[in-house]
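# Secondary and tertiary structure notes
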Amino acid sequence: MNTAQKIVKNTTVLLISQVLSFLLAFFYTIYYANYLGAAGFGILSAAIALAGILTIFTDLGLSALTVREVARDKALASKYMGNTTIIKLIFSAITFLATFIIVQLFVQDQQSAIVIYIITIAFILNVISGTFSAVFQAYEEMEYQSVATVLNSILMFAAVYIAIFYNANIMAFAMIYLIINFIILLFNVIICLWKFVVPKFEVDFQFWKALIMEAYPLAIASIFALIAFKIDTIMLAFISGDVATGLYSAAYKLLEALMFVPSVYATALLPVFSKFHVSSQDSLQFSYYKSFKYLSMLGIPIAVGTTLLADQIITFIYRNGYTEATVILQILIWAIPIIFVSYVLGASITSINRQHETVRISFLCMLLNVGLNLLLIPTYGYLGAAIVTVITELALFLFYFHLISKYLCKIKLREVLMKPLIASLVMALFIILVKTNLFVVIAIATIIYFAVLILLKSFSESDKEIFRQITGKYLNK
């Protein structure tokens, strides 16, 4: 199999696994959110957010470094696996100690404390599992990583269904995360030992020092971004309580679901943009402009439509107990058009080798997020957290947009955004005037939106050519 075939194979299996995993995760999360209620869902969401932040310090970029170095020299696989596993185990003990201290200082409820401990151990197992999945990536055998991803979601979906069937309590749901992460760890270990190499466990302090010094910069931007992404949920739990956290998390889960669209798109864009950066700057600028335009066209109507239909969406998905999440969703949804285009900007920045500049940007956005949350959550609760999320995403977009305008090309925002905004307003008028079934309204509103875009001549000949190529009309020519 040549390089091109490997790229196609790996991209395909990863995207398929991500789609399946996302769909299953979305449904089982909604399922147990309804079962646990706002308070129980808030406890579990806060535990997941806290564990997600703390366990990133367990990895510190070691998995990414393993991928890079083993991909260059397969003979290093055994050494890297053994040493990074030992380092992660040491960091895991420190992480759990930090979790214990935080819980003792800030968490009064014993049930919440136990849930946090269980979820943290589950996430630690996931980080250790990442050492072995990194080897799959380094050997360019992504199908094993894809199988693990889908297997995790299938097991989670089945376990949540069984737990609800038997009227399990919140402890059982925390244990589900722990047991399934342990199963996935075993899967990765078995596949690695069977198909690849056996780890060489050793205590080599000089090598450890070199590893940590090399890996640490790779983790900095991720740490800053994750803190900015998760800290609002944790702060809500500490300041406003479990119910507020559950309501906020319910709306935020819908935001995360929509973020899957630009995430997958950016994954496909990055290798293309990187190639164009070397071969053709004109092609890179053209592709960047079109991607920005298309994701703007998707993001804006989603924000407008969701704002107007938020009450029906929340009622349909969560049923009883989450009606207060409506206004949270109406605020949060305006982060979506910003996030959509920010993914394009992020892929563009990486493709032109300017990713080192995102560390400073991530740090500034993290400070902005934490500072505003400390200021607004005590007074405005989950509404303050939602507003801060939108402001943080806007700040990140502005930083990224400035960077791309400086190093790649400038886009006139008015030129790109005006027609989607007009089409969205026409669509909004229809939604306001017509009161019928939610899905009927969404379907007709979508048709109206794109019809208005066509009437406004939003699509040039180059756009039409791109669409024809996507549908395959010219693939055989």
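Quick caveat, the model's predicted, so the values are computed rather than measured.

## Notes on the overall build of the chain
Check the secondary structure of the chain and you find 16 helices and zero strands. Buried positions account for 50% of the 477 residues belonging to the chain. Considering only residue pairs separated by 6 or more positions, the chain has 83% of its internal contacts joining residues 24 or more positions apart. As presented, the chain carries roughly 22,600 Å² of accessible surface, and 69% of it is formed by carbon and sulfur atoms.

## Some thoughts on the confidence of the model for the chain
Residues with a pLDDT of 70 or more make up 89% of the chain, whose mean pLDDT is 84. At the low end of the mean pLDDT range in the chain sits helix 16 (residues 461-470), at 66; at the high end sits helix 11 (residues 325-332), at 95. Across residues 470-477 the pLDDT falls below 50, and counting only partners more than four positions away or on other chains, this stretch makes four contacts in the model.

## A short note on the packing of aromatic side chains
Counted by the stated rule, this structure contains 21 aromatic pairs. For the ring pair Phe 100 and Tyr 117, a centre distance of 6.3 Å and an interplane angle of 20 degrees mean the geometry is stacked. Pair noted here: Phe 100 is in helix 4 (residues 77-106) and Tyr 117 is in helix 5 (residues 110-138), with a separation of 17 residues, a long-range link. Overall, Phe 100 belongs to the partly exposed group, its relative accessible area being 41%. Residue Tyr 117 is classed as buried on the basis of its relative accessible area, which comes to 16%. Ring-pair connections join several aromatic residues into one group, and the members of that group are Tyr 28, Tyr 32, Tyr 35, Phe 41 and Phe 173. Here Lys 195 stacks its cationic end above the ring of Trp 194, 4.4 Å away from the centre of that ring.

## Notes on the side chain of Thr 55
Following the sequence through the fold, Thr 55 ends up in the loop between helix 1 (3-54) and helix 2 (56-59). Once residues within four sequence positions are removed from consideration, Thr 55 is found in contact with Thr 95, Thr 120, Phe 123, Ile 124 and Val 127.

## Section: unusual backbone geometry
Positioned with a positive phi, Asn 167 is a non-glycine residue whose angle comes to about 55 degrees. Relative to the elements of secondary structure, Asn 167 occurs in the loop between helix 6 (142-165) and helix 7 (170-195). Since its relative accessible area comes to 62%, Asn 167 is described here as exposed.

## Some words on the packing of helix 4 against helix 5
Look at helix 4 against helix 5: their axes get within 10 Å of each other, and the N-to-C directions meet at 165 degrees. When the interaxial angle is binned, helix 4 and helix 5 end up roughly antiparallel. In terms of crossing hand, the pair formed by helix 4 and helix 5 is right-handed. Residues Met 81, Thr 84, Thr 85, Lys 88, Leu 89, Ser 92, Phe 96, Thr 99, Phe 100, Val 103 and Gln 104 of helix 4 lie in contact with helix 5, whose contacting residues are Ala 113, Ile 116, Tyr 117, Thr 120, Ile 121, Ile 124, Val 127, Ile 128, Gly 130, Thr 131, Phe 132 and Val 135. When its residues are assigned to classes, the contact of helix 4 with helix 5 shows 14 nonpolar, eight polar and one charged.

## Topic: the nonpolar core
By size, the foremost hydrophobic cluster in this structure holds 146 residues, and its most contacted members are Tyr 32, Leu 44 and Tyr 288. Those residues in contact with Tyr 32 that lie beyond four places of it in its chain are Phe 41, Leu 44, Ile 48, Val 160, Ile 164, Phe 173 and Tyr 177.

## What about the packing of helix 10 (residues 281-318) against helix 11?
To characterise two packed helices, one gives the angle between the axes of the helices and the distance between these axes. With their axes 9 Å apart at the nearest point, helix 10 and helix 11 run at an angle of 145 degrees to one another. Every pair of crossing elements has a handedness; the one defined by helix 10 and helix 11 is right-handed. Here helix 10 contributes Thr 306, Thr 307, Ala 310, Asp 311, Ile 313 and Ile 314 to the contact with helix 11, which in turn contributes Ala 325, Thr 326, Leu 329 and Gln 330. Residue classes in the contact of helix 10 with helix 11 are distributed as five nonpolar, four polar and one charged.

## What to know about the environment of Ala 174
Take Ala 174: it is sitting in helix 7. Sequence separation between Ala 174 and Ile 118 is 56 residues, and the spatial gap between their C-alpha atoms is 6.1 Å. Apart from residues no more than four positions distant in its own chain, Ala 174 is found in contact with Leu 44, Val 115, Ile 118 and Ile 119.

## A look at a nonpolar patch on the surface
On the surface, Leu 97, Phe 100, Ile 101, Leu 105, Phe 106, Phe 238 and Ile 239 cluster together into a nonpolar patch covering about 680 Å² of accessible area. In terms of residues, the nonpolar patch owes the most to one element, helix 4, which gives five residues. Along the chain, the position of Ile 101 falls in helix 4.

## Some points on the environment of Ser 129
Within the secondary structure, Ser 129 is located in helix 5. Given the relative accessible area of 4%, Ser 129 is considered buried. Residues Ser 129 and Ser 63 lie 66 residues apart in sequence; the distance between their C-alpha atoms is 9.7 Å. Leaving out residues up to four positions away in the same chain, Ser 129 has contacts with Ile 184, Leu 185 and Asn 188.

## Details of the pattern of salt bridges
Per the counting criterion, the structure on display carries four salt bridges. Between Glu 202 and Lys 200 there is a salt bridge, and its shortest N-O distance comes to 3.9 Å. We classify Lys 200 as partly exposed; its relative accessible area is 48%. Each of Lys 79, Lys 200 and Glu 202 takes part in salt bridges that share partners, so that together they form one network.

## Digging into helix 11
Taken together, the buried positions of helix 11 are occupied by Ala 325, Thr 326, Ile 328, Leu 329 and Leu 332. Buried positions in helix 11, seen along its axis, are confined to an arc of 160 degrees and lie on one side of it.

## Quick word on the side chain of Asn 181
Following the sequence through the fold, Asn 181 ends up in helix 7. Those residues within four positions of Asn 181 in sequence are excluded, and the remaining contacts are Ala 122, Leu 125 and Asn 126.

What counts as what
- Residues numbered from 1 in each chain as written.
- Predicted model: local features only at pLDDT ≥ 70, side-chain atom pairs only at ≥ 80, totals over all residues.
- Heavy atoms only, no water.
- Helix = DSSP H or I, 4+ residues; strand = E, 2+ residues; numbered from the N terminus.
- Buried < 20%, exposed > 50% of the residue type's maximum accessible area, 1.4 Å probe, protein only.
- Contact = heavy atoms within 4.5 Å.
- Areas by Shrake-Rupley, 256 points an atom, 1.4 Å probe, with all protein chains shown as cover.
- pLDDT = per-residue confidence, 0-100.
- Phe/Tyr/Trp six-rings, centres within 6.5 Å; stacked < 30°, edge-to-face > 60°.
- Lys NZ or Arg CZ within 6 Å of the ring centre and 35° of its normal.
- Axes fitted to C-alpha atoms, helices over the stretch in contact; angles between N-to-C directions.
- Parallel < 35°, antiparallel > 145°, perpendicular 65-115°, else oblique.
- Left-handed = near helix turned anticlockwise from the far one by under 90°.
- Nonpolar A, V, L, I, M, F, W, Y, C, P; charged D, E, K, R; others polar.
- Core = buried A, V, L, I, M, F, W, Y, C linked by side-chain atoms within 4.5 Å.
- Patch = residues over 30% accessible without salt bridge, like charges linked within 9 Å, V, L, I, M, F, W, Y side chains within 5 Å.
- Salt bridge = Lys/Arg side-chain N within 4 Å of Asp/Glu carboxyl O.
- Arc of directions from axis to C-beta.

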